[in-house]
Amino acid sequence: TSLDPAKYRLPYEPEALIVCRRNLFMGGCDYNMTAEVLKRYKFIAAFCIQLDEMSEFADLVLPEAMYLEKLQVMPHSLVWSLNAQTGYFFWGIRQPVVSPKGEARDWVDVLMELADRVGFLGDVYEQLNVAYDLQGPYRLDPLSKYTKEEIGDRRYKSKFGEEKGLEWFK
């Protein structure tokens, strides 16, 4: 899309790119084309748990907390949360077992803080209401501010009922 924005009816030429824990060179791509596309951006920020090919193209590299260092509510997807032995899908939680090293933070926390500072956090909440299918009292109010734990609690309760919130899953 970035090579020819008009072809894909993109009404602007992308100037900035934020990459969150992805190495765009590791997906069986054309390495030269990927490099040429990345060179077109005026600014690239990359959240990384390690330095890699993607971080070499970044203007700003931010240390990202790894999975053992952060809370993730329902970290599973329909693609890989299926137990091969039983065939049953499962919902779960990923809890931190160690603190992040140095200045590493969860990229989601950083982007939520950025959305708040720029002034569109309410729009993010509206999108999360749809993406997480939050129902009734568990919907996020765009005029409020929530912690990751509060959002996680609402996700679980909306899906499984009032008695099965974040603390139940922990």
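About the cut-offs
Residues numbered from 1 in each chain as written. Predicted model: local features only at pLDDT ≥ 70, side-chain atom pairs only at ≥ 80, totals over all residues. Heavy atoms only, no water. Helix = DSSP H or I, 4+ residues; strand = E, 2+ residues; numbered from the N terminus. Buried < 20%, exposed > 50% of the residue type's maximum accessible area, 1.4 Å probe, protein only. Contact = heavy atoms within 4.5 Å. Areas by Shrake-Rupley, 256 points an atom, 1.4 Å probe, with all protein chains shown as cover. Lys, Arg positive; Asp, Glu negative; His and termini not counted. Charge placed at Lys NZ, Arg CZ, Asp CG, Glu CD. Salt bridge = Lys/Arg side-chain N within 4 Å of Asp/Glu carboxyl O.

Caption draft 1: Just the overall build of the chain, in detail. Looking only at helices and strands, the chain features 6 helices and 5 strands. Listing each helix as α and each strand as β along the chain from the N terminus yields β-α-β-α-β-β-β-α-α-α-α. A principal-axis box enclosing the C-alpha atoms of the chain has dimensions of 50 × 40 × 35 Å. Counting every position in the chain, which comprises 170 residues, the buried fraction comes to 34%. Taking the contacts inside the chain whose residues are at least 6 apart along the sequence as the reference set, 47% of them involve residues at least 24 apart. Total accessible area on the chain stands at roughly 11500 Å², and carbon and sulfur atoms take up 53% of it. Of note, the chain has its 21 positive side-chain charges centred 3 Å away from the centre of its 26 negative side-chain charges.

Caption draft 2: Here's a closer look at the pattern of salt bridges. Across all of its chains, the model carries 13 salt bridges by this definition. Across the salt bridge formed by Asp116 and Lys145, the nearest N and O atoms sit 2.8 Å from each other. With Asp116 in helix α3 (residues 107–118) and Lys145 in the loop between α4 (121–131) and α5 (148–160), this pair connects stretches of sequence that are 29 residues apart. Note on Asp116: relative accessible area 32%, which makes it partly exposed. We note a salt bridge from Glu167 to Lys170, for which the minimum N-O separation is 3.8 Å. In this structure Glu167 comes out as exposed when scored by relative accessible area, which is 60%. Relative accessible area serves as the criterion here: at 45%, Lys170 is assigned to the partly exposed category. Because the salt bridges share partners, they merge into one network encompassing Arg21, Glu64, Lys70, Asp106, Asp109 and Lys148.

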